[in-house]
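An overview of the molecular structure
Residue-level listing of the chains:
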Amino acid sequence: MTNNHSITVIDEHCGHVFFSKWNPVNGRRFCATGGAGDYFVDVWDFDTIRNQAGLVPAVTARPLMQLRHISVTKSDAEIPPRDSEDHFISSIQWSHSGEKLLTSAYDNIARVWNLEGKLMGLFRSQSRLMYSAWNKNDTLIASGGENTNLLIWNPATVVKEPVHKLPQPGEIVDVVWQSDTCLAAASQQEIYYWSIDRPEEPLMIWEGHQNMLESIKWDQKGLLLASSAANDSQLMIWTPKSK
């Protein structure tokens, strides 16, 4: 059966929407969206949107929160128009508890927000951040980007210096935690496997892809890691015992 009708159409963004992330706890209610050419991450309450779906006249869907990713030093009059700011949101991740939202942007800053839209934590890197990820119990965040190394920081603080700085070269494009202390990060054609209990060098480096890595993902038990690249037509599976 084919159904060509959506529940609603959301067209609030003024640029490309690269991310749409459902809250892991309130998965049918809260969804965060963001991307490029637009310095906002929008959080939508679909309970409200569904309740308004049958109203006549129709009600335009509006986000519950709009999280602005730009520093304005003087007055709101100096905020650039939303559709004129070429500002990339590079990653969006809900905490496992569903209570906080982690965002990274090309302004070198990773931010932690609560469900009221309040900024709860912030980390400023010296160069562009591509990806940030929570550990399993939401007590640490790993961030990486263009020649940043792999940076581990406390989400409850506003800091410039990480708790750990893991020496990983190249542009880090994806980060996934295996546990509260072990994680993998992809850069160029290599995957580095780390423990923050031994931050001086990686536990392992996996090589094999012939093109820039795009994505890595642990299985639910954290025993196998899948990796894919853009143009080498290969999916590779790794274990902490493999090289």
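Residues numbered from 1 in each chain as written. Predicted model: local features only at pLDDT ≥ 70, side-chain atom pairs only at ≥ 80, totals over all residues. Heavy atoms only, no water.

Turning our eyes to something else, we now look at the overall build of the protein chain. Along the protein chain, the regular secondary structure elements total 1 helix and 20 strands. Burial status across the protein chain gives 46% buried among its 243 residues. Nonlocal contacts in the protein chain, meaning residues at least 24 apart in sequence, comprise 43% of its contacts between residues at least 6 apart. Summed over its atoms, the accessible surface of the protein chain is roughly 12,900 Å², and 48% of this surface lies on carbon and sulfur atoms. (Helix = DSSP H or I, 4+ residues; strand = E, 2+ residues; numbered from the N terminus. Buried < 20%, exposed > 50% of the residue type's maximum accessible area, 1.4 Å probe, protein only. Contact = heavy atoms within 4.5 Å. Areas by Shrake-Rupley, 256 points an atom, 1.4 Å probe, with all protein chains shown as cover.)

On to the sheet that holds strand S6 (residues 100–105). Taken in spatial order, the 5 strands line up as S5-S6-S7-S8-S12 in an open sheet, and their pairing is mixed. The outermost strands of the open sheet, each flanked by one partner alone, are strand S5 (89–94) and strand S12 (158–159). As defined by bridge partners, strand S7 (residues 109–114) adjoins strand S8 (residues 119–124) across 5 bridges and the pair is classed as antiparallel. Considered in S8, the bridge of Ile109 is made with Arg124. (Pairing = 2+ DSSP bridges.)

Turning to its location among the elements, Tyr131 is positioned in strand S9 (residues 129–134). The class for Tyr131 is buried, based on a relative accessible area of 16%. The spatial distance from the C-alpha of Tyr131 to the C-alpha of Ile172 is 7.4 Å, given a sequence separation of 41 residues. Apart from residues no more than four positions distant in its own chain, Tyr131 is found in contact with Ser91, Gln93, Ser104, Ala142, Ser143, Gly144, Val173, Asp174 and Val175. Engagement of the side chain of Tyr131 in a polar contact is seen with the side chain of Gln93, the distance being 2.7 Å. (Polar contact = N/O pair within 3.5 Å; in protein donor to acceptor, adjacent residues only side chain to side chain.)

Turning to the side chain of Ser143, a few remarks are in order. By the secondary structure assignment, Ser143 is in strand S10 (residues 141–145). With relative accessibility at 0%, the residue Ser143 sits in the buried group. In this structure the side chain of Ser143 is engaged in a polar contact, spanning 2.6 Å, whose partner is the side chain of Ser132.

What follows deals with the environment of Leu166. Summarising the element assignment, Leu166 is placed in strand S13 (residues 164–166). Given a relative accessible area of 0%, Leu166 falls into the buried group. Once the C-alpha coordinates of Leu166 and Arg198 are considered, the two residues, 32 residues apart in sequence, prove to be 9.2 Å apart.

Here the focus is the side chain of Ser127. With respect to the secondary-structure elements, Ser127 resides in the loop between S8 and S9. The class for Ser127 is buried, based on a relative accessible area of 19%. Among the polar contacts made by the side chain of Ser127, one reaches the main-chain carbonyl oxygen of Glu146 at a distance of 2.7 Å. Each residue touching Ser127, except ones within four places of it in the same chain, is listed here: Asn108, Glu146, Asn147 and Thr148.

A few words on the pattern of salt bridges. Throughout the structure, instances matching the rule amount to 3 salt bridges. We note a salt bridge from Arg111 to Asp107, for which the minimum N-O separation is 2.7 Å. Measuring nitrogen to oxygen at the nearest pair gives 3.9 Å for the salt bridge that ties Arg128 to Glu146. Pair noted here: Arg128 is in the loop between S8 and S9 and Glu146 is in the loop between S10 and strand S11 (150–153), with a separation of 18 residues, a long-range link. Relative accessible area serves as the criterion here: at 30%, Glu146 is assigned to the partly exposed category. (Salt bridge = Lys/Arg side-chain N within 4 Å of Asp/Glu carboxyl O.)

Within the element layout of this structure, Leu224 appears in the loop between strand S18 (213–218) and strand S19 (225–229). A sequence separation of 17 residues divides Leu224 from Lys241, and the C-alpha atoms of the two residues are 9.9 Å apart. What Leu224 contacts, discounting residues up to four positions off in sequence, is Lys217, Trp218, Asp219, Ile237, Trp238 and Thr239.

This paragraph deals with the pairing of S11. In S11, alternate side chains face the same way, and those of Leu150 and Ile152 on one face and Leu151 and Trp153 on the other are all buried. Strand direction decides the pairing type here: S10 and S11, joined by 3 bridges, are antiparallel. Counted as the bridge partner of Ile141 is Trp153 from S11. Linking two consecutive strands that pair antiparallel, namely S10 and S11, is a turn of 4 residues; a positive phi of about 55° is found at Asn147 within it. In this structure, S11 lies alongside S13, joined through 3 bridges in antiparallel fashion. Its bridge partner lying in S13, Leu151 is registered against Lys165.

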